[in-house]
Amino acid sequence: MEIRNYKPADEKGWVRCRVLSFLDTAYYDDVHREKETFENPSIELVAIEDEQVVGLIDIEYDTKDEKVCSEEGTGGMIWHLAVHPDFQGRGIGTALMERAVEEAIKLELEFLEAWTRDAGHSADWFEKNAYRKVDEYYHLYLSDEDMAHSVQPGDDNLQPLYMFAQYTGDDIEQFDSIERKYKCMCYIRNL
Ligand SMILES: CC(C)(COP(=O)(O)OP(=O)(O)OC[C@H]1O[C@@H](n2cnc3c(N)ncnc32)[C@H](O)[C@@H]1OP(=O)(O)O)[C@@H](O)C(=O)NCCC(=O)NCCS
């Protein structure tokens, strides 16, 4: 397994690896059909085995003029971190992270920031990899049934059937009946 910088020729493999790796996670419907590009400078690494993309990490970082991270200081935001499901649990994610940390230290970044949901093992994985939780709020997916009991827009001709919303208040119990809801958590690793 080799870790190297992403090249445009990797795009198809990158997209496939990302989609497959998220299938069994709370982000299963967050599908990207093209690789994202960033306004700010970035660290973009792939793990390659038998000429296949088996892992990836994308980190866009703060500059003097444009901030990406939510925490103060100069940080890098991890937008994508994924290991192909057939290759998980073999140390590839950790190797990608450690290589990204080396690059981030060379760039004099002070921390890395990642957001993840409370379903699955990713929060534990970040904690094992020296991250600590600093913030949280909720992601809510309202089904058509949930929508029948929630606020509708004033225009009768416009009827939302589903909704994705974030909730930052203290009364999450009011949404107990909503089946698909997650705590979305911010993790920081100081460098
Ligand atoms: C999170 C992820 C990037 C970790 O990469 P990885 O290569 O599987 O992880 P590593 O092999 O480096 O880490 C090993 C640790 O992760 C845990 N782990 C890895 N895969 C796991 C799995 N499928 N189920 C449960 N735990 C798992 C193990 O606890 C293991 O710890 P151990 O060595 O003490 O046993 C990868 O599992 C993944 O792509 N998940 C889906 C996408 C995702 O959640 N991305 C990040 C958050 S948005």
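Here the structure is a predicted model, which is why all the values come from computation and not from measurement.

Visitor: Which residues make up the side chain of glutamate 113, and what values do they have?
Guide: Position of glutamate 113 relative to the elements: it lies in strand E5 (residues 111-117). The side chain of glutamate 113 sits in the buried core without any salt bridge; lysine 67 is the nearest counter-charge, 6.4 Å away. A polar side-chain atom of glutamate 113 sits 2.9 Å from a polar atom in the side chain of tryptophan 115. Other than its neighbours up to four places away in sequence, glutamate 113 contacts Cys69, Ser70, Glu71, Gly76, Met77, Ile78, Cys186, Tyr187 and Ile188.

Visitor: Describe the site of the ligand, with residues and values.
Guide: The immediate surroundings of the ligand are formed by 19 residues, with Val83, Gly89, Gly91, Gly93 and Thr94 found nearest. Between the ligand and glycine 93, the relevant distance is 2.7 Å, taken from an oxygen atom to a main-chain nitrogen or oxygen of the residue. In the environment of the ligand, an oxygen atom lies 2.9 Å from a nitrogen or oxygen atom belonging to the side chain of lysine 128. Spatially, the ligand is embedded in the largest pocket. Only helix H1 (11-22), strand E4 (75-83), helix H2 (92-106) and helix H3 (122-128) provide two or more residues apiece to the shell around the ligand. Here the shell around the ligand gets four residues from one element, more than from any other, and that element is H3.

Visitor: Which residues make up the packing of aromatic side chains, and what values do they have?
Guide: By the definition in use, this model includes eight aromatic pairs. Taking the centre distance of 5.4 Å and the plane angle of 85° together, the rings of tryptophan 125 and phenylalanine 126 count as edge-to-face. Summarising the burial analysis for this pair, tryptophan 125 and phenylalanine 126 share the class buried. On the basis of an interplanar angle of 75° and a centroid distance of 5.0 Å, the ring pair of tyrosine 167 and phenylalanine 175 is categorised as edge-to-face. In this pair, the class of tyrosine 167 matches that of phenylalanine 175, namely buried. The rings of Trp125, Phe126, Tyr131 and Tyr187 are connected pair by pair, giving a single aromatic cluster. Here arginine 18 stacks its cationic end above the ring of phenylalanine 22, 4.7 Å away from the centre of that ring. Above the plane of the ring of tyrosine 6 lies lysine 35, whose end atom (NZ or CZ) is 4.7 Å from the centre.

Cut-offs applied
- Residues numbered from 1 in each chain as written.
- Predicted model: local features only at pLDDT ≥ 70, side-chain atom pairs only at ≥ 80, totals over all residues.
- Heavy atoms only, no water.
- Helix = DSSP H or I, 4+ residues; strand = E, 2+ residues; numbered from the N terminus.
- Buried < 20%, exposed > 50% of the residue type's maximum accessible area, 1.4 Å probe, protein only.
- Lys, Arg positive; Asp, Glu negative; His and termini not counted.
- Salt bridge = Lys/Arg side-chain N within 4 Å of Asp/Glu carboxyl O.
- Polar contact = N/O pair within 3.5 Å; in protein donor to acceptor, adjacent residues only side chain to side chain.
- Contact = heavy atoms within 4.5 Å.
- Near = heavy atom within 4 Å.
- 1 Å grid on protein atoms, 1.4 Å probe; cavity = no way out; pocket = protein on both sides within 12 Å on 5 of 7 lines; lining within 4 Å.
- Sits in = over half its atoms within 2 Å of the grid points.
- Phe/Tyr/Trp six-rings, centres within 6.5 Å; stacked < 30°, edge-to-face > 60°.
- Lys NZ or Arg CZ within 6 Å of the ring centre and 35° of its normal.

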